[in-house]
Amino acid sequence: MKVNIKLFTILGVFFIIIGTIYGFWVRWTEWAGIPALYAVGAMVLMIAFYLQLTDNKYGDGPSDQAEGEISEYAGEYGRFAPWSWWPLGLGTACAIVFAGLAIGWWVFYIGVGAALFFLVGWVFEYSKGDHAH
């Protein structure tokens, strides 16, 4: 995992530097590519940050060892909600949000409301019911 952390950190810094160079090249007048490069850099750095937190929590994995085997990855990977319908609703609500950008603001607001409902439901899924902790 340490190789992945270094790779994503280098890529994130690279995209931010390239975004800055591109901004100077176009004299900060082009507002599609500059934010896109910065956004890609930020997203890649978020992945690196997540991998760093995971590495701190679980330690070295088989991929960090020279003699690591694939079979060492066997076991539990985390907690997943069985039979959860919240992600499907959230995905549908996000589709409505993006359709609302093309159709009209009233559709957009309906989608945002539905997305907030499904997001809160998914976050608090383990708080009550059969799978409460």
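Let us look at the structure shown here.

With that settled, consider the packing of aromatic side chains. Counted by the stated rule, this structure contains nine aromatic pairs. When the centroid spacing of 5.5 Å and the interplanar angle of 65° are considered together, the rings of Phe-14 and Phe-15 count as edge-to-face. Of the residues examined, Phe-14 reaches a relative accessible area of 42% and is grouped as partly exposed. The interplanar angle of 75° and the centroid separation of 5.2 Å between the aromatic rings of Phe-117 and Phe-118 together place this pair among those described as edge-to-face. The class for Phe-118 is partly exposed, based on a relative accessible area of 23%. Grouping aromatic residues by their ring pairs yields a cluster made of Trp-86, Phe-117 and Phe-118.

A separate point is unusual backbone geometry. We note that Arg-27 has phi near 60°; this positive angle belongs to a residue other than glycine. Secondary-structure assignment places Arg-27 in the loop between α1 (2-25) and α2 (33-58). One non-glycine residue, Trp-28, lies in the positive phi region at around 55°. Its place among the elements puts Trp-28 in the loop between α1 and α2.

Looking at the element boundaries, Asp-55 is found in helix α2. Look at Asp-55 and you get buried, because its relative accessible area is 8%. Beyond its immediate stretch of four places on either side in the chain, Asp-55 contacts Met-1, Lys-2, Ile-5, Asp-60 and Asp-64.

As a further point, take α2. With 26 residues, α2 extends 37 Å from end C-alpha to end C-alpha; this agrees with the ideal 38 Å at 1.5 Å per step. Those residues of α2 not exposed but buried are Gly-33, Ile-34, Leu-37, Gly-41, Val-44, Ala-48, Leu-51, Thr-54 and Asp-55. Where α2 is buried, its residues contact α1. Gly-59, located one to two residues past α2, shows a positive phi value of around 80°.

It is worth spelling out the pattern of salt bridges at this point. This structure, assessed with the given rule, holds one salt bridge. One salt bridge connects Asp-55 with Lys-2, and the closest N-O pair in it is separated by 2.8 Å. A residue pair is termed long-range when its members are at least 10 positions apart, and Asp-55 in helix α2 and Lys-2 in helix α1 qualify at 53 residues.

Glancing now at a nonpolar patch on the surface. Taken together, the side chains of Leu-7, Leu-11, Val-13, Phe-14, Ile-17, Ile-18 and Ile-21 make up a nonpolar region of the molecular surface, amounting to roughly 570 Å² of accessible area. With respect to the helices and strands, the residue Phe-14 is situated in helix α1.

Glancing now at helix α4 (residues 105-123). One turn of an α-helix holds 3.6 residues; hence residues three or four places apart share an orientation. Between its first and last C-alpha atoms α4 spans 27 Å; for 19 residues at 1.5 Å apiece the expected length is 27 Å, and the two agree. Burial in α4 covers these residues: Val-107, Phe-108, Gly-111, Ala-115 and Gly-121. Seen end-on, α4 carries its buried residues on one side only, within an arc spanning 150°. Turned more than 90 degrees from where α4 packs its buried face, Trp-105, Trp-106, Tyr-109, Ile-110, Leu-116, Phe-117 and Val-123 sit exposed. On its buried face, α4 is in contact with α3 (86-103).

About the criteria used
- Positions within a chain are numbered from 1, following the residues in the order the chain's sequence is written.
- Given that the model is predicted, a residue must reach a pLDDT of at least 70 before its local features are reported, and side-chain atom pairs must reach 80 or more before they are shown or counted; all residues, however, enter totals for whole chains, interfaces and linings.
- Side-chain metrics in this entry use all non-hydrogen atoms of the structure; hydrogen atoms and water are not considered.
- A pair of aromatic rings is counted whenever rings of Phe, Tyr or Trp (Trp by its six-membered ring) have centres within 6.5 Å, and the orientation is called stacked for planes under 30 degrees apart, edge-to-face for over 60 and tilted otherwise.
- Categorising residues by exposure relies on relative accessible area from a 1.4 Å probe, with only protein chains included: less than 20% of the type maximum marks a residue as buried, more than 50% marks it as exposed, and the intermediate range marks it as partly exposed.
- The helix and strand labels rest on DSSP assignments: H or I over at least four residues marks a helix, E over at least two residues marks a strand, and numbering proceeds from the N terminus.
- Here a residue-residue contact requires only that any non-hydrogen atoms of the pair lie within 4.5 Å.
- Helix span is expected to be 1.5 Å times the residue number reduced by one.
- One side-chain nitrogen of Lys or Arg within 4 Å of one carboxyl oxygen of Asp or Glu is enough to make a salt bridge.
- Think of a patch as exposed residues, more than 30% relative accessible area, with no salt bridge, where like charges cluster within 9 Å and nonpolar side chains (Val, Leu, Ile, Met, Phe, Trp, Tyr) cluster within 5 Å.
- Surface accessibility in these figures is a Shrake-Rupley result with a 1.4 Å probe; residues are shielded only by whichever protein chains are displayed.
- Arc, as used here, means the arc of the directions from the helix axis to the C-beta atoms.

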